[in-house]
Amino acid sequence: MDALLINNQAFQLFLTEAEIMARIAQLAQQLNADYSSRKPIFIAVLNGSFMFASDLLKAIQFDCEIQFVKVNSYQGMQSSGKVQELIGLNQNIANRPIIILEDIIDTGLTMDFLITDLLRYEPESLAVCSLLLKPDALKVKLQIDYVGFEVSNQFLVGYGLDYNGLARNLRQIYQAV
Ligand code: 5GP
Ligand code: MG
């Protein structure tokens, strides 16, 4: 399907399943070269990254573990605004190589928080692997080690990404029109 309507918002096809899979195979190849025999822990950020994490890990050829975490965001008491909280990490990551898996990095604020929080546990190394990146939307300086696709500032759905909770189940990625 090349066009669809979700809650009265129109979307058109942006990345096909074949394009996504081909790029994930390349990312896995890079990771296979960089992490063989290092036994890293992947930390996948829910909800958006579940499909990406699943397909990427099927192409990983080294021993690895995976953890799923969530970043909760809520309006705090302070006037400074949003408070973020990492939940779900239930394993000691000290002295282990860590690879964060994200669906998309937009302003980068979520990833910046996550990196700062995870570094407190003193992992051996910390790398970021995001399927999608909006370089023009970044509000903080981030080192992003593995990127599937750089995209412009547009709203994307499908393949884990949602629009009001919908569309995460789609095999392709669509852009709002
Ligand atoms: P950031 O903190 O980098 O601004 O945003 C990260 C989160 O915002 C992503 O994990 C995702 O949940 C959401 N987000 C950013 N851009 C998009 C987009 O184009 N589509 C969807 N569905 N979510 C997005
Ligand atoms: Mg996300």
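Above: the structure in question.
All of the points below concern the structure found in this document. (Residues numbered from 1 in each chain as written. Chains lettered and ligands numbered in written order. Predicted model: local features only at pLDDT ≥ 70, side-chain atom pairs only at ≥ 80, totals over all residues. Heavy atoms only, no water.)

**A word on the site of ligand 1**
Around ligand 1 sit 15 residues, and of these Thr107, Gly108, Thr110, Leu156 and Asp162 come closest. With respect to ligand 1, the backbone of leucine 156 contributes an N or O atom lying 2.7 Å from a nitrogen atom. Here a nitrogen atom of ligand 1 sits 2.7 Å away from a polar atom, N or O, in the main chain of aspartate 162. Compared with its free state, where it exposes 510 Å², ligand 1 has 79% of that area covered by protein. Listed by contribution, the elements that provide at least two residues to the shell around ligand 1 are strand S6 (97–105) and helix H3 (109–119). By residue number, the principal contributor to the shell around ligand 1 is S6, which donates four residues. Across the shell around ligand 1, the residue classes tally to six nonpolar, four polar and five charged. (Near = heavy atom within 4 Å. Polar contact = N/O pair within 3.5 Å; in protein donor to acceptor, adjacent residues only side chain to side chain. Areas by Shrake-Rupley, 256 points an atom, 1.4 Å probe, with all protein chains shown as cover. Helix = DSSP H or I, 4+ residues; strand = E, 2+ residues; numbered from the N terminus. Nonpolar A, V, L, I, M, F, W, Y, C, P; charged D, E, K, R; others polar.)

**Structural notes on the pairing of S6**
Counting buried residues in S6 gives nine out of nine residues, a clear majority hidden from the surface. Of the pairings in the sheet, the one linking strand S3 (residues 41–46) to S6 comprises four bridges and is parallel in character. Bridge pairing in S6 places alanine 44 opposite leucine 101. Handedness of the crossover joining S6 and strand S7 (residues 125–133) through H3 is recorded here as right-handed. (Buried < 20%, exposed > 50% of the residue type's maximum accessible area, 1.4 Å probe, protein only. Pairing = 2+ DSSP bridges. Right-handed = clockwise from strand over helix to strand, strands pointing away.)

**Side note on the nonpolar core**
The nonpolar side chains of a soluble globular protein tend to be buried with one another. Counting 29 residues, the largest nonpolar core has Leu31, Phe52, Leu56, Leu101 and Leu132 as its most contacted members. Breaking this core down by element, the ones donating at least two residues are helix H1 (17–35), S3, helix H2 (50–58), S6, S7 and strand S8 (146–150). For this core, the element with the most residues is H1, which contributes six residues. Those residues in contact with leucine 101 that sit more than four places away from it in its chain are Phe42, Ile43, Ala44, Val45, Ser49, Phe52, Ala53, Leu56, Leu57 and Cys129. (Core = buried A, V, L, I, M, F, W, Y, C linked by side-chain atoms within 4.5 Å. Contact = heavy atoms within 4.5 Å.)

**Description of the coordination of the magnesium ion (ligand 2)**
Every protein donor of the magnesium ion (ligand 2) is listed here as Glu102 (OE) and Asp103 (OD), and their distances to the metal cover 2.4 to 2.5 Å. This pair shows no difference in class: glutamate 102 is buried, exactly as aspartate 103 is. (Donors = N, O, S within 2.8 Å, 3.2 Å for Na, K, Ca; no water.)

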